[in-house]
Amino acid sequence: MAVLIFFICVWYLSLFFQSFFQHRYGAHGAFKMSKGWEKVFFIFTYITQGSSYMSPRAYAIMHRLHHAHTDTALDPHSPSFSKNIFTMMWRTRGFYRDIFEGKMVVDAKYMKNLPEWNSFDRMANSTVSRVLWMIAYTAFFVRFAPNAWWYLLLPVIYAMGAFHGAVVNWFAHKYGYINFRLRNTSHNLLFFDFLMLGESYHNNHHKRPSAINFGTRWHEIDPIYPIIRFFAWLRIIKLPKLTPVQEKHPELTPVAKHPELV
Ligand SMILES: [Zn+2]
Ligand SMILES: [Zn+2]
């Protein structure tokens, strides 16, 4: 039971920080925060993502490339350009590593307003850090797993961030339904996203990348949206200025252009 609770906690907590910090804040600038709060979120992202931590800066650059070049040869992860989910993730890994190590030349328009804490990123992204986290997860399983079958969950925990990325980037570009006709293959994977904290409303997201609510229709509840509102109320983050119509219909917010393409 302890192992199952642990797995569920790692699943949702690491996903929350990926969606809230690396994706919505880092890549899309859906809201603002001070450099001090940014450091706090770097630390929580590291603690919850552990061995699968991704640099918010490198993640943001890579993800902006996905939005700018969706379903083309320049897309870091497109099912249209990979034979299967594993080759797609391997390709994504290459993009991420080259961006992180500064080996990829990226247009300056994708480099604006990035979350930056390079010394922390170097530590958190290091092999030593990843291995130590893996040892810690394994030790927890050795202590609490009732039988060997539970060890099947360990590889998923080791690579949780990549696992989440694979679910959205592969399946939500292949299966599901669409609300908006776009020139890409994005779909809303689930009617009610209890698995990916709103990330699987991917067709909505490609339509309005920097909206603070990924849901559009009544059943598309985005669990992170009220948390964004709550953090804004606490003044941890600052939301973009909304018109009265947008206040009433948060699914329309914000209507500004994709920040990295402005
Ligand atoms: Zn996409
Ligand atoms: Zn996005």
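Residues numbered from 1 in each chain as written. Chains lettered and ligands numbered in written order. Predicted model: local features only at pLDDT ≥ 70, side-chain atom pairs only at ≥ 80, totals over all residues. Heavy atoms only, no water.

**Things to note about the coordination of the zinc ion (ligand 2)**
The condition that has to hold: Only nitrogen, oxygen and sulfur atoms qualify as donors, provided they sit within 2.8 Å of the metal or within 3.2 Å for Na, K and Ca; with water excluded from the atoms, sites may seem incomplete. Secondary structure follows DSSP: runs of H or I at least 4 residues long count as helices, runs of E at least 2 residues long count as strands, and numbering of each begins at the N terminus. Remark: exposure states derive from per-residue accessible area (1.4 Å probe, protein chains only) relative to the maximum for the residue type, with buried under 20%, exposed over 50%, and partly exposed in between.
Coordination of the zinc ion (ligand 2) by the protein comes from His 23 (NE2), His 28 (NE2), His 63 (NE2), His 67 (NE2) and His 205 (NE2), over a distance range of 1.9 to 2.2 Å. Written as a sequence motif, the donor arrangement for the zinc ion (ligand 2) is H-x4-H-x34-H-x3-H-x137-H. Residue His 28 is located in the loop between helix H1 (2–27) and helix H2 (35–49), and its partner His 67 is located in helix H3 (residues 56–68); the two are separated by 39 residues in the primary sequence. The exposure class assigned to His 28 is buried, which follows from its relative accessible area of 0%. Looking at His 67, the relative accessible area reads 12%, which means it is buried.

**Some remarks on the packing of aromatic side chains**
Rule in force here: Stacked, edge-to-face and tilted are the three classes for Phe, Tyr and Trp ring pairs, Trp counted by its six-membered ring, which pair at centre distances within 6.5 Å; planes under 30 degrees apart are stacked, over 60 edge-to-face, the rest tilted. A ring has a charge above it when a Lys NZ or an Arg CZ is no more than 6 Å from the ring centre and no more than 35 degrees off the ring normal.
Enumeration over the complete set of coordinates arrives at 34 aromatic pairs. Ring centres of Phe 192 and Phe 194 lie 6.5 Å apart, and the angle between their planes is 25°; on these two criteria the pair is classed as stacked. When the ring centre of Phe 214 is taken as origin, the NZ or CZ atom of Arg 24, which lies over that ring, is 3.8 Å away. Against the face of Phe 144 rests Arg 143, its NZ or CZ located 4.7 Å from the ring centre.

**Considering the coordination of the zinc ion (ligand 1)**
Formally: Geometry is assigned from donor-metal-donor angles: four donors are tetrahedral when every angle falls between 85 and 135 degrees, four are square planar and six octahedral when opposite donors sit over 155 degrees apart with all other angles between 65 and 115, and any other arrangement is irregular.
The protein atoms that coordinate the zinc ion (ligand 1) are His 66 (NE2), His 173 (NE2), His 202 (NE2) and His 206 (NE2), at distances spanning 2.0 to 2.1 Å. Here the zinc ion (ligand 1) is ringed by four donor atoms whose angles at the metal span 98 to 141°, and the overall shape comes out irregular.

**Observations concerning the nonpolar core**
Definition in use: Side-chain atoms within 4.5 Å link the members of a nonpolar core, which is a set of buried Ala, Val, Leu, Ile, Met, Phe, Trp, Tyr and Cys residues. Contacts between residues were defined by any pair of non-hydrogen atoms, one from each residue, lying within 4.5 Å.
Of all hydrophobic cores here, the largest spans 41 residues; its most connected members are Phe 20, Phe 31, Met 33, Phe 41, Ile 228 and Ile 237. When residues of this core are traced back to their parent elements, those giving at least two are H1, H2, helix H5 (118–124), helix H6 (127–144), helix H7 (154–158), helix H8 (160–171) and helix H10 (224–233). Looking at this core element by element, the count peaks at eleven residues for H1. The residues contacting Phe 20, other than those within four sequence positions of it, are Tyr 25, Phe 31, Met 33, Phe 41, Ile 224, Ile 228, Phe 231 and Ile 237. Judged by nonpolar contacts, the second largest core, of 14 residues, contains Met 62, Leu 65, Ile 99 and Leu 114.

**A few points about H1**
Stated precisely, the cut-off is as follows: Consider a residue and the seven residues that end there alongside the seven that start there; fitting an axis to each set, the bend is the angle between those axes.
Of all the bends in H1, the greatest, near 30°, is centred on Gln 18. For H1, a buried count of 19 out of 26 residues is recorded, marking the element as mostly surrounded by other parts of the structure. Gly 29 sits one or two residues past H1 and shows a positive phi near 55°.

**Digging into the pattern of salt bridges**
A pair can form between side chains of opposite charge whenever their charged atoms are brought close. In plain terms, the rule: Think of a salt bridge as a Lys or Arg side-chain nitrogen and an Asp or Glu carboxyl oxygen that are within 4 Å of each other.
Throughout the structure, instances matching the rule amount to five salt bridges. Where Glu 38 meets Lys 35, a salt bridge forms, and the shortest distance between an N and an O atom there is 3.2 Å. Of this pair, Glu 38 and Lys 35 both sit in helix H2, separated by three residues, roughly a single helical turn. Among the salt bridges present, the one from Asp 98 reaches Arg 97, with a minimum N-O distance of 3.8 Å. In this structure Asp 98 comes out as partly exposed when scored by relative accessible area, which is 23%. The exposure class assigned to Arg 97 is partly exposed, which follows from its relative accessible area of 36%.

**Looking at the environment of Ala 166**
By the element assignment, Ala 166 lies in helix H8. In this structure, the C-alpha to C-alpha distance between Ala 166 and Ser 34, residues 132 residues apart in sequence, is 31 Å. Contact partners of Ala 166, with chain neighbours within four places excluded, come to Ile 85, Met 88, Met 89 and Phe 171.

**Looking at a nonpolar patch on the surface**
Condition: Each patch is built from residues that are more than 30% exposed by relative accessible area and take part in no salt bridge. Like charges join if they lie within 9 Å; nonpolar side chains (Val, Leu, Ile, Met, Phe, Trp, Tyr) join within 5 Å. To be clear on the numbers: accessible area is Shrake-Rupley with a 1.4 Å probe, and residue cover counts the displayed protein chains and nothing else.
Taken together, the side chains of Phe 191, Phe 192, Phe 194, Leu 195 and Ile 221 define a hydrophobic patch exposed on the protein surface, amounting to about 510 Å² of accessible area. Within the secondary structure layout, Phe 192 lies in the loop between H8 and helix H9 (202–207). Its relative accessible area of 44% is what places Phe 192 among the partly exposed residues.

**Overview of the packing of H1 against H6**
The relative placement of two packed helices comes down to the angle between their axes together with the axis-to-axis distance. What counts here: In this analysis an axis means a line fitted to C-alpha atoms, helices contributing only their contacting stretch, and an angle means the value between N-to-C directions, from 0 to 180 degrees. Working rule for angles: under 35 degrees goes down as roughly parallel, over 145 as roughly antiparallel, 65 to 115 as roughly perpendicular, anything else as oblique. Polar here means any residue outside two lists: the nonpolar Ala, Val, Leu, Ile, Met, Phe, Trp, Tyr, Cys and Pro, and the charged Asp, Glu, Lys and Arg; Gly therefore counts as polar.
Running from N to C, H1 and H6 cross one another at 150°; their axes reach a closest spacing of 9 Å. Classified by the angle between their axes, H1 and H6 sit roughly antiparallel to one another. Contacts from Ala 2, Val 3 and Phe 6 in H1 reach Tyr 137, Phe 140, Phe 141 and Phe 144 in H6. Here the residues of the contact of H1 with H6 are counted per class, giving seven nonpolar, no polar and no charged.

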